[in-house]
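Fold and geometry: a report
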Amino acid sequence: MKKILLIEDNDDVRENTQEILELSGYKVVTAVNGKEGVALAQTEFPDLIICDIMMPELDGFGVLHLLSNTQETASIPFIFLTAKAEKSDLRKGMLLGADDYLTKPFDDVELLQAVEVRLHKSELLKTQFSRNAEGLSAFLGEVRHFQELRHLAENRRTHTYKKKESIYNENTYPGGVYFLESGRAKARRINDLGKEYITELYKVGDFFGYADLIKGNTYQDSVVALEDATVSFIPKHDFFKLLESDRNLSGKFIRMLSNEVKDREESLLKLAYNSVRKRVAEALVYLYEMYGKEGKDPFSVSMSREDIAGIVGTATETVIRTLSDFKDENLISLKGSNITVLELERLRRMKN
């Protein structure tokens, strides 16, 4: 049963709206002012929030602002109720991230249609589509149900990149967002001495290029295909239209950005304080976590020693020696560029 939080200070409106929703099979939690509504949202975690604008204590705009700044509540669909229909109110609500707007008085059909559409759209974006080309096609096929997203689905472009071919280059301006349909790719930076440092690896189902696009920066990294890869491209205009029209998806990308910053900080700390031996072990664990589900057990990956050195942040010769040591210790086996992990947990527990 879907749970709806109704925030409304008018007793008659609150009770009538609650009755309509409960008769339609929804569980309804009510609040009589904005402060109480924020507190309930942060404890009840409803599937949808319906909120009046003009209220004592804290108005609807304040409620939406507070909930939008909290990760746990930022993606909850939000519908405003108001007796005022001025365009300024509509615009302010939508700019804050409201999903819909109902003007009092409204009938039960208007209310239920708005609720059903927003809940369905929320469920769509929570659905775990398979992380491959079919999954992306399913996602884009679903968004065709929504008029504002149709342009995105219909104008998706794909391109095939050969191994070692650049997908985009550092210091160029983003034109959109990329989605890896097949193959593997790496994000890298090259220092003044020509040394490469790999900042990120991408697998099938990953979006990339969105961080600098959202920030309005030039690309801080270059992305190169590690093997032949097929990449979909979503133009900037369509991507931002998608984010602006759906708070669920914008919240997801905000969380992805936050995780990316956290991962970069952890990588820098490891680079500064961990031994080379431990960093090589961590690189192998990282490769397992990125690509381990793609193959059979035991996990095996083909990667050049130069690329592993780029992940570890050390010289290629040092990586070669360390991998040879790991082989002698029966932690891995080596065959050409192919590395098979034999003792994953021992690599995880490698001492510094």
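Residues numbered from 1 in each chain as written. Predicted model: local features only at pLDDT ≥ 70, side-chain atom pairs only at ≥ 80, totals over all residues. Heavy atoms only, no water.

Once that is clear, we can look at the UniProt feature "modified residue: 4-aspartylphosphate" (unreviewed entry) in the protein. Mapped onto this numbering, the UniProt entry gives "modified residue: 4-aspartylphosphate" (unreviewed entry) at Asp52. The topology assignment puts Asp52 in strand S3 (residues 48–52). Given a relative accessible area of 4%, Asp52 falls into the buried group. When sequence neighbours within four positions are dropped, the list of residues in contact with Asp52 reads Ile7, Glu8, Asp9, Gly60, Leu81, Thr82 and Lys104. (UniProt positions renumbered as here; feature names shortened; annotations may be inferred. Helix = DSSP H or I, 4+ residues; strand = E, 2+ residues; numbered from the N terminus. Buried < 20%, exposed > 50% of the residue type's maximum accessible area, 1.4 Å probe, protein only. Contact = heavy atoms within 4.5 Å.)

Mapped onto the secondary structure, Ala283 falls in helix H11 (residues 276–291). Given a relative accessible area of 3%, Ala283 falls into the buried group. Separated by 28 residues in sequence, Ala283 and Ile311 have C-alpha atoms that sit 6.6 Å apart. Dropping the residues within four chain positions of it, Ala283 is found in contact with Ile311 and Val312.

Right, let's get into the pattern of salt bridges. Here the structure, examined in full by the defined rule, presents 15 salt bridges. As a salt-bridge pair, Glu44 and Lys3 come within 2.9 Å of each other at their nearest N and O atoms. Taken together, the residues Glu44 in helix H2 (residues 34–44) and Lys3 in strand S1 (residues 3–7) connect sequence positions 41 residues apart. As a salt-bridge pair, Glu196 and Lys186 come within 3.2 Å of each other at their nearest N and O atoms. (Salt bridge = Lys/Arg side-chain N within 4 Å of Asp/Glu carboxyl O.)

What follows is about the sheet that holds strand S12 (residues 222–225). Read from one edge to the other, the open sheet built from 4 strands follows the order S7-S12-S9-S10, with strand pairing classed as antiparallel. What marks the edges here is a single partner per strand, and that holds for strand S7 (166–168) and strand S10 (196–202). For this sheet, the mean angle separating the axes of adjacent strands, direction not counted, is 35°. Taken together, the 2 bridges between S7 and S12 define a ladder with antiparallel strand orientation. Residue pairing for S12: Ser166 is matched across the bridge by Val224. In the packing of H11 onto the sheet, the strands contacted are strand S9 (185–190) and S10, and the crossing angle to S10 comes to about 30°. This element, helix H12 (residues 305–312), spans S9 and S10 of the sheet and lies at about 95° to S10. (Pairing = 2+ DSSP bridges. Axes fitted to C-alpha atoms, helices over the stretch in contact; angles between N-to-C directions.)

By size, the foremost hydrophobic cluster in this structure holds 28 residues, and its most contacted members are Leu201, Leu284, Leu287, Leu323, Phe326, Ile332 and Leu347. The biggest single contributor to this core is H11, with 8 residues. (Core = buried A, V, L, I, M, F, W, Y, C linked by side-chain atoms within 4.5 Å.)

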